[in-house]
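Topology and contacts: notes
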Amino acid sequence: MNVQVNRILTCIQCGKCTGSCPEAGKTPFNIRMLIRKKQFQYAIEEGIPWYCTSCGACTLRCPRDVKPSEVIIDMRSALVEDGQIPLSLQKALEDTFVQKNPWGRSRSKRGAWTEKLDFEIPHVSETKEKRLLFVCCIQAYDPRCMVIPANVARILKKADFEFGILGEEEACCGNEIRRIGESGLFEELQEENTTNFKEYGVKEIITLSPHCMNVFKKEYGDTGINVSHYTEVVWELIKNGALDIKGQYEKKVIYHDPCFLGKQNGIFDQPRNILSAINGLQLLEFSRSREISLCCEGGGGRMFFEVETTYQRNADLRVLEAIERGADMITTACPFCVMTLEDPATEKGQVVKELSEILMEVL
Amino acid sequence: MNILVFTKRVPATQEEELRILGDGKEVDLSKLPFKVNDWDNYAVEEAVRIAEKTGGTVTAISIGDAESDEVLRRAIAMGVKDGFLIEVEKVLQDPYARAMLAYNFLKKENIPFDTILTGVQSEDDQFASVGGILAALLKVPYSSMVIGIDNIDKDHLVLRRELEGGLQERAKVILPCVLSIQSGINEPRYVSIMGVRKASKVERKIFKAKDYEENMSSLIEVVKWVYPPKKGGATMLSGELEEICKQILGIIKEKGVYQ
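Residues numbered from 1 in each chain as written. Chains lettered and ligands numbered in written order. Predicted model: local features only at pLDDT ≥ 70, side-chain atom pairs only at ≥ 80, totals over all residues.

Things to note about the packing of helix α3 (residues 95-108) of chain B against helix α4 (residues 130-138) of chain B
All names here are of chain B. Our working definition: Under this scheme, a helix contributes an axis fitted over its contacting stretch, all axes are lines through C-alpha atoms, and angles between N-to-C directions fall in the 0 to 180 degree range. Numbering goes from the N terminus for both helices and strands, where a helix is a DSSP run of H or I of at least four residues and a strand is a run of E of at least two. Convention used here: angles under 35 degrees read as roughly parallel, angles over 145 as roughly antiparallel, angles from 65 to 115 as roughly perpendicular, and any remaining angle as oblique. Each crossing gets its hand from how the near helix is turned against the far one by less than a right angle, where anticlockwise is left-handed and clockwise is right-handed. Two residues qualify as being in contact provided that their C-beta atoms, derived from the backbone, are within 7 Å of each other. The residue classification treats Ala, Val, Leu, Ile, Met, Phe, Trp, Tyr, Cys and Pro as nonpolar and Asp, Glu, Lys and Arg as charged. All others, Gly included, are polar.
With their axes 8 Å apart at the nearest point, α3 and α4 run at an angle of 45° to one another. Judged on the interaxial angle alone, α4 and α3 are oblique. As α3 runs across α4, the sense of the crossing is right-handed. Taking contact as the criterion, the partners of Pro95, Tyr96, Arg98, Ala99, Met100, Ala102 and Tyr103 in α3 are, on α4, Val130, Ile133, Leu134, Leu137 and Leu138. Of the residues belonging to the contact of α3 with α4, the class tally is eleven nonpolar, no polar and one charged.

Here's the deal with the sheet that holds strand β7 (residues 82-87) of chain B
All names here are of chain B. What counts here: By this definition, two strands are paired if DSSP reports at least two bridges between them.
Ordered by their spatial adjacency, nine strands build an open sheet running β11-β10-β9-β12-β8-β1-β6-β7-β13, and the pairing between neighbours is mixed. Here the strands that pair on one side only, and so sit at the sheet edges, are β11 (168-174) and β13 (204-208). Strand-to-strand twist in this sheet, taken as the mean axis angle between neighbours without regard to direction, amounts to 35°. Two elements, strand β1 (residues 3-6) and strand β8 (residues 115-119), share three bridges in a ladder whose sense is parallel. Bridged to Ile3 within β8 is Thr115.

Things to note about the packing of helix α12 (residues 230-239) of chain A against helix α13 (residues 269-276) of chain A
All names here are of chain A. Interaxial distance between α12 and α13 falls to 8 Å at its minimum, and their mutual angle equals 45°. It follows that α12 is oblique to α13 by the angle criterion. Where α12 crosses over α13, the handedness of that crossing is left-handed. Here Thr231, Glu232, Val234, Trp235 and Ile238 of α12 come into contact with α13, specifically with Gln270, Pro271, Asn273 and Ile274. Looking at the contact of α12 with α13, its residues break down into five nonpolar, three polar and one charged.

Now the structure itself:
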């Protein structure tokens, strides 16, 4: 009997997983019941596992280490191997295989975001520190998110902090691909990236997306490379005086914890410290923040497809609460969160800024 | 029913800016990613579904370089029994030459079939004629743009062809035959990387194209690759966002898109 089946059998059906699940109650997704069905080897409706956003709350709160979110990945893997998956996910996976990004954009344009800069970023192999800024697919291609790598590059440059990029050699990190259940494709991406890291002697990786950080830290095995999120690096630079925040920012800003940065990797303080270091900025908190932050529903492959059920999305709830608390804007440090929050925010006249966008206005 | 299905590895050009090299004799494919021809993906799926329904086997055939083994493994992962690669030394574009090569191969190797499926066309050359020429050489019936197979009998098929204006034509086609499969006939299953890896264990036979070149002349000579002429017609709007929005609204009203 394998380890995973053993783990499932130890489930005591306490329901803490469903209690913490951002999809429970309003969609047909019931994680406790799915584990029960797995225990008895009952059939599971094909559409159900795709609701999971991979926020990880169930796994963090499970008292028996059943790792329900990993069980979901296994259920999805079975569907992937069977070839029966939602069409839009199929497209995202096929595009990732061909172009190394789920949007199917040309790999040769992966470095296009650098064209907006008035300075050149060297290839990581040409840097002294062998410090890599890992851009991530959505930030390399999506017009809304392309400003994030450009901003962070400007910020690091301002602090005289050396870094390089991989340009078109960078491949999708595979965090979402693994969570969609395509373990074979994940292995290929991992191998391609790891080979590049080795070849160019990368010693340190700074990621822009918490999703990339998560996978490099926890799922790439022992690479010997120090991985951090850019908010950790920027906070260090502010603390040691390399970055001087000059501007005033007379705004009430509410910070949304991305699941892959906060609850899954414990980075709660650095983004808040950065925001608190800005003169005039008043930092607000959601009722559900830090460890219990409400997932925006952009993870676990949910960026690439829509579930069938109509229900009030968490991003909508988040925006409503931000307005209720009197926030002038919502900020976060994850491109997926930016994308999911911005739709309902625009509709309701609320502003969403990625943390680096605020920083650029005050540096 | 025993089915042969042709599948081709093509460059993924949708998102790329293609470059013509030198004096127009060649397109730069060096940096392009490759994939299975979209129409062939539907053809393979259809072949597998027919075989699942009627019994019999499906064999995938690819004409191309050694790398084309990739699309054979993919087809096997989808449920095809085995694969033949007809390895060419240089890119073979001419559809008559490709069809003649396939014809010579089928005859010389004495490969039996009830039906041959091809995609309607390939994404790269877009001649949409290899299937038809092959059927003529084999002297068997041919049906193009097949969008549905309704009935499979011992000696014939009843199928639907896609016509202009949203119409379909129902036709009875005597077996053996060649069909070119239109995209949208089915929803091809997802092929996982694990599936493709497992398929590597299934034998694919490699044949050299030079052994089947009898009467294989090219009827079309590519004189030159050229970029399409630049056309006018684009209007650039300028000004503040609100002003631009008003202009856009004005234009779509004027063109009758929005009343």
